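Structural characterization, general
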Amino acid sequence: MKICVFGAGAVGGHLAVRLARGGAQVSVIARGANLAAIRARGLTVHAADGIFEARPAASDDPAAFGVQDAVLVTTKAPALPAVAAAIAPLLGPQTPVVFVLNGIPWWYFFSHGGEHEGRRLPEIDPDDALFRTVGPARTVGGVVYSACDIVAPGVIHVGNPRSRLVLGEIDGMLSPRVAAIRAVLDAGGMTGEVTSRIRDTVWLKLLMNLSTGPMAVLTLSPSKVLFTEPACVAAAQAIAAEVAAVAHAFGCPVDPARETRIAPGGGITHKPSILQDLQAGRPMEVAAMFEAPRALARLAGVATPTLDLLASLAVLRARAPIPARGT
């Protein structure tokens, strides 16, 4: 099975190694120092279950690889317009494209049903670029649970003991193409799951991300530090309840009390990806993570005062330069 991972950062690199271990013929789209390292030495993943290496073909040009059996897009949401402009050489008539992204995905209202069926999200897909080049029919939803960091170009550390990728057709069907990708992941030692309700999983991951992300950006701290403060715990619980209410309004039952499990002093030392992007000076997933959920809240008539305040402050913080150490 030929699989291209479009965006070989921390998560994409981890997935590429697992897919290669599972028997896939893997290629990756990367750039900069990471591309140079993958070409020279391949990818190395340090995970709880071992240290794994793979030597995927690597390029910054999708035309180098031709038509694939599947494509996994693992870039951050701000890079999606560039993906739309470059992805065509990888796509044959039957090639599925799995979007493994944080936040509200561009395809959310396609095959959704109801009054909002087919509604566009210009915050995520400007000018309908992905709708035109990829389209809903070949799109598969993906939600990854894998706390990854690039510790050196081509070298990835995985912080959590168990990583998994949840896959789902956006129309809720249980398709052979999704089952095939799952089988390769399982063979590579990473849990693959298939769901008929991928939007539930989107909201679940978003609920957890938003419970920590805005405060992490404001304080430059991981949840392990944030949740030593009772006020931060209360704010995280309030955001979780607000996001769950929005999810419920769109037919996705998410239980914040069960899913977040926030406790004082709890959490992990891994920094949320949106904080990593801020500190590295990379474009942040503000539209997909902060703006789109609030837009959907307004569409549903659900009040989200805690999220509105902390997300707005986090956006302002993101626009300000990070002071140099010692100043």
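Rules of the game
Residues numbered from 1 in each chain as written. Predicted model: local features only at pLDDT ≥ 70, side-chain atom pairs only at ≥ 80, totals over all residues. Heavy atoms only, no water. 1 Å grid on protein atoms, 1.4 Å probe; cavity = no way out; pocket = protein on both sides within 12 Å on 5 of 7 lines; lining within 4 Å. Points joined across faces, edges and corners; volume = space filled by probe spheres on them. Helix = DSSP H or I, 4+ residues; strand = E, 2+ residues; numbered from the N terminus. Buried < 20%, exposed > 50% of the residue type's maximum accessible area, 1.4 Å probe, protein only. Polar contact = N/O pair within 3.5 Å; in protein donor to acceptor, adjacent residues only side chain to side chain. Contact = heavy atoms within 4.5 Å. Pairing = 2+ DSSP bridges. Axes fitted to C-alpha atoms, helices over the stretch in contact; angles between N-to-C directions.

Focus: empty space enclosed by the protein
Counted according to the given criterion, the structure contains 3 cavities of 30 Å³ or more. Volume-wise, the largest cavity comes out at about 40 Å³. What lines the largest cavity is simply Phe99, Leu101, Gly103, Pro105, Trp107, Gly141, Gly142, Val143 and Val202. The element best represented in the lining of the largest cavity is strand S8 (residues 139–145), accounting for 3 residues.

Considerations on the side chain of Glu169
Looking at where Glu169 falls in the secondary structure, it is placed in strand S11 (residues 164–169). With relative accessibility at 7%, the residue Glu169 sits in the buried group. Separated by 2.5 Å, the side chains of Glu169 and Ser175 make a polar contact. In this structure Glu169 touches Thr139, Val140, Ser175, Arg177, Val178, Thr195 and Ile198, once residues within four positions along its chain are discounted.

Focus on the environment of Arg298
With respect to the helices and strands, Arg298 occurs in helix H11 (residues 286–300). Since its relative accessible area comes to 59%, Arg298 is described here as exposed. Distance from Arg298 to Val246, taken between C-alpha atoms, is 9.0 Å for residues 52 residues apart in sequence.

Some thoughts on the pairing of S8
Burial runs high along S8: 7 of the 7 residues are buried. Neither face of S8 is left uncovered, since the one carrying Thr139, Gly141, Val143 and Tyr145 and the one carrying Val140, Gly142 and Val144 both have all their residues buried. As paired elements, strand S7 (residues 97–100) and S8 share 4 bridges and run parallel to each other. Of the residues in S8, the one forming a bridge with Val98 is Val140. Inspection of the sheet shows S8 paired to S11 by 6 bridges, in the antiparallel sense. For Gly142, the partnering residue across the bridge sits in S11 and is Leu167.

Remarks on the sheet that holds strand S4 (residues 50–54)
A sheet is described by the order of its strands in space; here 4 strands give the open sequence S4-S3-S10-S9, paired in mixed fashion. The open sheet has two edge strands with one neighbour each: S4 and strand S9 (148–152). Strand-to-strand twist across the sheet, computed as the mean angle between neighbouring axes with direction ignored, equals 25°. Of the strand pairs in this sheet, S9 and strand S10 (residues 155–158) are connected by 4 bridges, and their pairing is antiparallel. Bridging from a neighbouring strand, Asp149 pairs with His157 of S10. Docked against the sheet, helix H1 (residues 10–21) engages strand S3 (43–47), S4, S9 and S10, running at close to 95° with respect to S3.

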